[in-house]
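Take a look at the letters that make up each chain.
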Amino acid sequence: MELNTWKARLYDVLASDKSGDLADEIILIKSTVKEIEAIAEQMQGTCPSSLSDQEKVIGGKLEDLRVHYTKALEVIAPGWFGG
């Protein structure tokens, strides 16, 4: 659910960036989202006895997403998003 929230928050802002200032952050965000989706898909296909390893990986990826999101917001004008 958190992943979907991040995607919803950033979609319009990232899609509207024409300057290219966000290009690297967009790539990193998309890559991180794909990694999280792959882990989620893997978890749906298997039923491990413990989810702690996957939870740690997902937690780290969500933290990465927060970092890239924060960096993207540094480039975005305040009026574009929530400001």
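Anyway, here's the lowdown on the structure attached to this text.

The rules behind the values
Residues numbered from 1 in each chain as written. Predicted model: local features only at pLDDT ≥ 70, side-chain atom pairs only at ≥ 80, totals over all residues. Heavy atoms only, no water. Helix = DSSP H or I, 4+ residues; strand = E, 2+ residues; numbered from the N terminus. Buried < 20%, exposed > 50% of the residue type's maximum accessible area, 1.4 Å probe, protein only. Contact = heavy atoms within 4.5 Å. Areas by Shrake-Rupley, 256 points an atom, 1.4 Å probe, with all protein chains shown as cover. Salt bridge = Lys/Arg side-chain N within 4 Å of Asp/Glu carboxyl O. Core = buried A, V, L, I, M, F, W, Y, C linked by side-chain atoms within 4.5 Å. Expected span 1.5 Å × (residues − 1).

1. Overview of the overall build of the protein chain
Stage number 1. When you go through the protein chain residue by residue, the secondary structure sums to three helices and zero strands.
Stage number 2. In the protein chain, the order of α-helices and β-strands from amino to carboxyl end is α-α-α.
Stage number 3. Looking at the protein chain as a whole, 25% of its 83 residues qualify as buried.
Stage number 4. Contacts spanning at least 24 positions in sequence make up 75% of the contacts within the protein chain whose residues lie at least 6 apart.
Stage number 5. For the protein chain, the computed accessible surface area is about 5,700 Å², with 55% contributed by carbon and sulfur atoms.

2. Points about the pattern of salt bridges
Oppositely charged side chains can form a pair if their charged atoms are brought close together.
Stage number 1. Enumeration over the complete set of coordinates arrives at two salt bridges.
Stage number 2. Ionic pairing is found between glutamate 35 and lysine 61, a salt bridge with its closest N-O pair at 2.4 Å. Taken together, the residues glutamate 35 in helix 2 (residues 23–45) and lysine 61 in helix 3 (residues 52–75) connect sequence positions 26 residues apart.
Stage number 3. Taking the shortest distance from any N to any O, the salt bridge between arginine 66 and glutamate 63 comes out at 3.6 Å. One end of the pair, arginine 66, and the other, glutamate 63, are both in helix 3, three residues apart, so they sit about a helical turn from each other.
Stage number 4. Residue arginine 66 is classed as partly exposed on the basis of its relative accessible area, which comes to 30%.
Stage number 5. A relative accessible area of 42% places glutamate 63 in the partly exposed class.

3. Concerning the nonpolar core
Stage number 1. Listed in full, the five residues of the largest apolar core are Ile29, Val33, Ile36, Leu62 and Leu65.
Stage number 2. Among the secondary structure elements, those contributing two or more residues to this core are helix 2 and helix 3.
Stage number 3. Per-element accounting of this core gives the leading share, three residues, to helix 2.

4. Overview of helix 2
Stage number 1. Taking 1.5 Å of rise per residue, the 23 residues of helix 2 would be expected to cover 33 Å, and the 33 Å separating its terminal C-alpha atoms lies within 8% of that figure.
Stage number 2. Within the span of helix 2, buried status applies to Glu25, Ile26, Ile29, Thr32, Val33, Ile36 and Ile39.

5. A few points about the environment of glutamine 42
Stage number 1. Among the structural elements, glutamine 42 can be located in helix 2.
Stage number 2. With a relative accessible area of 47%, glutamine 42 lands in the partly exposed category.
Stage number 3. Each C-alpha atom, one on glutamine 42 and one on glutamine 54, is 9.6 Å from the other, the two residues being 12 residues apart in sequence.

All quantities given are derived from atomic positions and should not be read as evidence of function.
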